[in-house]
Amino acid sequence: MGASTDAREFRKAIFDRCVILYAADTDPYTRVVRGLPAFADAYDNVCVGVVTSSQEPVTFGTQRSREETLTCQVDFYSFRPGGAEMEEVVEARAWEMLDELAQYVRVTDTTLGGVVRQCFLTDVASDAATDPDVLAKGRMHVLSATFTAENRVRS
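Residues numbered from 1 in each chain as written. Predicted model: local features only at pLDDT ≥ 70, side-chain atom pairs only at ≥ 80, totals over all residues. Heavy atoms only, no water.

Draft legend 1. Region of interest: the sheet that holds strand E3 (residues 66-81). Strand order across the open sheet formed by five strands is E1-E2-E3-E5-E4, with mixed pairing between neighbours. Looking at which strands have only one partner, the edges of the open sheet turn out to be strand E1 (30-34) and strand E4 (118-128). The average undirected angle you get between the axes of adjacent strands in this sheet is 20°. Along the sheet, helix H1 (residues 7-22) makes contact with E1, strand E2 (44-57), E3, E4 and strand E5 (138-153), crossing E2 at roughly 155°. Most of the contacts of helix H2 (residues 87-108) go to E5, to which it runs at about 15°, and overall it touches E1, E2, E3, E4 and E5. (Pairing = 2+ DSSP bridges. Helix = DSSP H or I, 4+ residues; strand = E, 2+ residues; numbered from the N terminus. Axes fitted to C-alpha atoms, helices over the stretch in contact; angles between N-to-C directions. Contact = heavy atoms within 4.5 Å.)

Printed below as a string of structure tokens:
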């Protein structure tokens, strides 16, 4: 754990859990990346992105403990070649990928292997691709999800 924040460990724990969760996906193959998606190899991408931290002091002893709220943005991209008939397919797939991670942190491993005290899905935004270049090749749906964790930082 970090002396100033657990943000790096939190992001790594989310990333590692995504790699494990989606490793069995072979049809369609799901790529897990840090940052932007890589559509060359996979139509479905889980992108672990921005992590934030905010802290409040909770003790004034020698350790100066802080209560930390962490957030991590995870974007779920689903793309399929084709026309309007693929819109429902990609939207359903994006929600399916989100549901897998949300269920995992809510039920299976709320502490992400002991990295945080608790972690939950707290925000979701849904958007379909409107870029003409994308629409000429197929259909894409994107979900941007925020996972929020609480933790105690001791140094």
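This is not the end of the story, as more comes after the structure.
Draft legend 2. A look at the packing of aromatic side chains. Summed over the entire model, instances satisfying the criterion amount to one aromatic pair. The ring centre of Phe 15 lies 3.8 Å from the NZ or CZ of Arg 34, which sits over that ring. (Phe/Tyr/Trp six-rings, centres within 6.5 Å; stacked < 30°, edge-to-face > 60°. Lys NZ or Arg CZ within 6 Å of the ring centre and 35° of its normal.)

Draft legend 3. Fine view of the state of the cysteines. In total, this model carries zero disulfides according to the counting rule given. The closest cysteine sulfur to the non-disulfide-bonded Cys 18 is located on Cys 72, 8.1 Å from its own sulfur. For Cys 18, a relative accessible area of 0% corresponds to the buried category. Summary of cysteine pairing: Cys 119 is not part of a disulfide, and the nearest cysteine sulfur, belonging to Cys 72, is at 8.3 Å. On the accessibility criterion, Cys 119 (0% relative accessible area) is buried. (Disulfide = S-S within 2.5 Å. Buried < 20%, exposed > 50% of the residue type's maximum accessible area, 1.4 Å probe, protein only.)

Draft legend 4. Focus on the side chain of Arg 93. Following the sequence through the fold, Arg 93 ends up in helix H2. Taking the relative accessible area as the measure of exposure, Arg 93 reaches 6% and is therefore buried. Only 2.9 Å separates the side chain of Arg 93 from the side chain of Asp 25, close enough to count as a polar contact. Within the structure, Arg 93 has its side chain in polar contact with the side chain of Asp 44 (distance 2.8 Å). Among residues more than four places away in sequence, those in contact with Arg 93 are Asp 25, Pro 28, Thr 30, Asp 44, Ser 78, Arg 80 and Glu 100. (Polar contact = N/O pair within 3.5 Å; in protein donor to acceptor, adjacent residues only side chain to side chain.)

Draft legend 5. Spatial organisation of the nonpolar core. Membership of the largest hydrophobic core comes to 29 residues, with the highest contact counts inside it found for Phe 10, Ile 14, Phe 76, Cys 119 and Phe 147. Elements with a contribution of two residues or more to this core: H1, E2, E3, H2 and E5. Excluding residues that lie within four positions of it along the chain, Cys 119 makes contacts with Phe 10, Ile 14, Val 105, Thr 110, Leu 112, Phe 147, Thr 148 and Ala 149. Listed in part, the six residues of the second largest apolar core include Val 33, Tyr 77, Phe 79 and Met 140. (Core = buried A, V, L, I, M, F, W, Y, C linked by side-chain atoms within 4.5 Å.)

Draft legend 6. A look at the side chain of Asp 109. Mapped onto the elements, Asp 109 comes out in the loop between H2 and E4. Separated by 2.8 Å, the side chain of Asp 109 and the backbone nitrogen of Gly 113 make a polar contact. Not counting the four nearest positions on each side in its chain, Asp 109 is found in contact with Arg 17 and Tyr 104.

Draft legend 7. Region of the structure containing the pattern of salt bridges. Under the counting rule described, the total for this entry stands at ten salt bridges. The residue Asp 109 makes a salt bridge to Arg 17 at a minimum N-O spacing of 3.7 Å. One end of the pair, Asp 109, is in the loop between H2 and E4; the other, Arg 17, is in helix H1, with 92 residues separating them in the sequence. Taken as a pair, Asp 109 and Arg 17 share a single burial class, namely buried. Ionic pairing is found between Glu 67 and Arg 117, a salt bridge with its closest N-O pair at 2.2 Å. Taken together, the positions of Glu 67 in strand E3 and Arg 117 in the loop between H2 and E4 put the pair 50 residues apart, joining distant regions of the chain. Relative accessible area serves as the criterion here: at 16%, Glu 67 is assigned to the buried category. Within this structure, Asp 25, Asp 44, Arg 80, Arg 93, Glu 96 and Glu 100 form a network of salt bridges that share partners. (Salt bridge = Lys/Arg side-chain N within 4 Å of Asp/Glu carboxyl O.)

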